[in-house]
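Architecture and fold: a report
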Amino acid sequence: MRRLLVSILVLTGCVQAAADEPEAPGVETRQAIVGGSTSTAAQDAAIMIVTNGQFGCTGTLIAPNLVLTARHCVAGDLDESTMCGAAKNDLPPSAFSIALGASASASKKIGRGVKLFVPPTKNLCGFDVALIQLDKDIPGARLARVRFDPLAVGETAIAVGYGAATPDGPPTPGRRQRATKVVGIGPATKTWATRSGQSIPYEIPSGDIATGESTCFGDSGGPLFDDAGDVIGVTSRGIDGECADRPSIYASVATHEKLIRDAAKAAGHPIGATPPPDEPASDEGDPANDEATTGDEGDDEAPAPRRSSSALRPQPSSGCAASPRGASDASSIALITMITLSLAASLRRRR
């Protein structure tokens with residue numbers, strides 16, 4: 001959320017290089033980036049988005065002149081009265097520039113936005129994705145591949161961003177990373193069991209995915225990579241105002257294949273495969289609520305076999321919880337969750 005971001009001005013991400021996140025009860029720590037580690041040069045496709053001269057969000061270069069990020073990162077104002085919120089309007093493309101590298105600085109921005117690509121709905125449930133076309137190709141920039149194949153619960157993933165470890169924590173310079181796992185795929189109703197024994201129900205709308213503890217404020221728009229280094233999600237939000245010992249919610253890029261392909265074509269770097277047909281979208285309601293399912297945070301499902309990839313694969317440019325319990329009543333929990341999250345909407349945005 002921009003109001004929190006300007007006051008906090010966080011400069012690092014909430015991520016960790018360990019293969020697995022802690023699942024056993026323990027003492028909650030508030031170390032930098034919720035236990036994260038320094039992001040490597042191999043993740044240089046993850047970039048800083050500079051908004052009107054200040055650090056704004058995290059993004060991913062998926063073409064030499066095209067940045068993948070979150071819809072709320074390009075919004076001028078947000079309606080946060082609903083579970084996921086909605087974008088009231090968008091800032092002009094020229095408000096955005098980017099800065100590169102693990103030690104990126106807003107004072108060293110390059111490029112300038114010339115066009116925005118957003119979903120055909122202002123609702124952010126399942127639609128918190130946007131793309132920024134830059135005014136030029138960035139010579140020699142590292143690019144990320146985008147995976148459109150379906151995900152499976154239990155898959156390993158790595159979140160990358162420039163955010164902070166806690167909502168009110170001090171700035172920690174540098175881009176960070178953290179290994180995590182996919183714990184839910186929308187539509188679903190899940191329950192997070194904290195290390196202190198609290199059970200927190202939450203919704204994963206259709207088009208969104210959830211991982212364990214990972215991102216925090218400032219990580220919005222940043223990539224969630226799979227174990228092959230392909231982008232599978234875009235950081236969207238948390239479930240309340242906390243980052244540590246809470247799940248993170250991401251918009252699934254697979255849901256927005258056509259939008260991403262269309263943006264790449266418009267930017268002069270078409271993907272080449274036939275895009276999927278248009279799917280109707282609505283500004284009304286939450287697309288996940290009608291088909292929510294229950295599930296445990298500690299599911300041990302094996303990842304599904306990787307299907308043949310239809311991912312965007314551009315080349316470099318030449319120039320934290322105890323064993324949780326499942327929800328016993330999905331309908332009641334969904335209602336409680338919607339009320340609780342609506343009250344916390346102004347705090348949970350990863351900005």
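In what follows, the accompanying structure is described.

Reading the values: rules and limits
- Residues numbered from 1 in each chain as written.
- Predicted model: local features only at pLDDT ≥ 70, side-chain atom pairs only at ≥ 80, totals over all residues.
- Heavy atoms only, no water.
- Helix = DSSP H or I, 4+ residues; strand = E, 2+ residues; numbered from the N terminus.
- Buried < 20%, exposed > 50% of the residue type's maximum accessible area, 1.4 Å probe, protein only.
- Areas by Shrake-Rupley, 256 points an atom, 1.4 Å probe, with all protein chains shown as cover.
- Pairing = 2+ DSSP bridges.
- Axes fitted to C-alpha atoms, helices over the stretch in contact; angles between N-to-C directions.
- Disulfide = S-S within 2.5 Å.
- Contact = heavy atoms within 4.5 Å.
- Polar contact = N/O pair within 3.5 Å; in protein donor to acceptor, adjacent residues only side chain to side chain.

A short note on the overall build of the protein
The secondary structure content of the protein amounts to five helices and 18 strands. Residues classed as buried in the protein amount to 58% of the 351 residues present. Carbon together with sulfur atoms contributes 53% to the accessible area of the protein, which is approximately 13,400 Å² in total.

What about the sheet that holds strand β3 (residues 54–63)?
Pairing in this open sheet of six strands is antiparallel, and the strands run β7-β2-β3-β4-β9-β8 from one edge to the other. In this open sheet, the two strands that pair with only one neighbour each are β7 (96–99) and β8 (113–117). The mean angle between the axes of side-by-side strands here comes to 40°, regardless of whether they run parallel or antiparallel. Direction of pairing for strand β4 (residues 66–69) relative to strand β9 (residues 130–134): antiparallel, over a ladder of four bridges. Across the sheet, residue L68 finds its bridge partner in β9, namely L131.

Section: the state of the cysteines
Considering all chains together, one arrives at three disulfides under this definition. The disulfide partner of C84 is C125, and the S-S distance across this bridge is 2.0 Å. Judged by the sign of its S-S torsion, about 90°, the bond between C84 and C125 is right-handed. Of this pair, C84 sits in the loop between β5 (75–79) and β6 (86–90) while C125 sits in the loop between β8 and β9, and the two are 41 residues apart along the sequence. Residue C84 is classed as buried on the basis of its relative accessible area, which comes to 1%. The class of C125 is buried, set by a relative accessible area of 2%. Covalently, C216 is tied to C243 through a disulfide, its sulfur atoms 2.0 Å apart. Across the disulfide from C216 to C243, rotation about the S-S bond amounts to roughly 75°, and the bridge is consequently right-handed. Here C243 lies in the loop between β16 (231–237) and β17 (248–252) and C216 lies in the loop between β14 (208–211) and β15 (223–226), a separation of 27 residues in the sequence. On the basis of relative accessibility, which here comes to 0%, the residue C243 falls in the buried class.

Here's the deal with helix α3 (residues 257–266)
Because an α-helix packs 3.6 residues into every turn, residues spaced three or four apart end up facing the same way. The set of residues buried in α3 consists of E257, L259, I260, R261, A263 and A264. Considering only its buried residues, α3 is in contact with β3, β4, β8 and β9. Positive phi appears at G268, one or two residues downstream of α3, with a value of about 90°.

Description of the pairing of β3
With nine of 10 residues buried, β3 is to be regarded as a mostly interior element. Across six bridges, the pairing between strand β2 (residues 46–51) and β3 is antiparallel. By the bridge assignment for β3, A46 is matched with T60. Two elements, β3 and β4, share three bridges in a ladder whose sense is antiparallel. Note on β4: the bridge partner recorded for T60 is L68. Hairpin connection from β3 to β4: two residues lie between these consecutive antiparallel strands.

Focus on the side chain of S248
By the secondary structure assignment, S248 is in strand β17. Its relative accessible area of 0% is what places S248 among the buried residues. Among the polar contacts listed, one links the side chain of S248 to the side chain of S214, at a separation of 3.1 Å.

Focus on the environment of V153
Following the sequence through the fold, V153 ends up in the loop between β9 and β10 (156–161). Between the alpha carbons of V153 and I185 there is a distance of 6.9 Å; along the sequence they are 32 residues apart.

Let's talk about unusual backbone geometry
The amide bond that connects G186 to the next residue, P187, takes the cis arrangement and shows omega of 0°. Here P187 shows up in the loop between β11 (176–185) and β12 (188–193). In this structure, N52 is a non-glycine residue whose phi angle is positive, near 50°. Positionally, N52 belongs in the loop between β2 and β3. In this structure N52 comes out as exposed when scored by relative accessible area, which is 59%. With a phi close to 60°, D245 is a non-glycine residue in the positive phi region. Among the structural elements, D245 can be located in the loop between β16 and β17.

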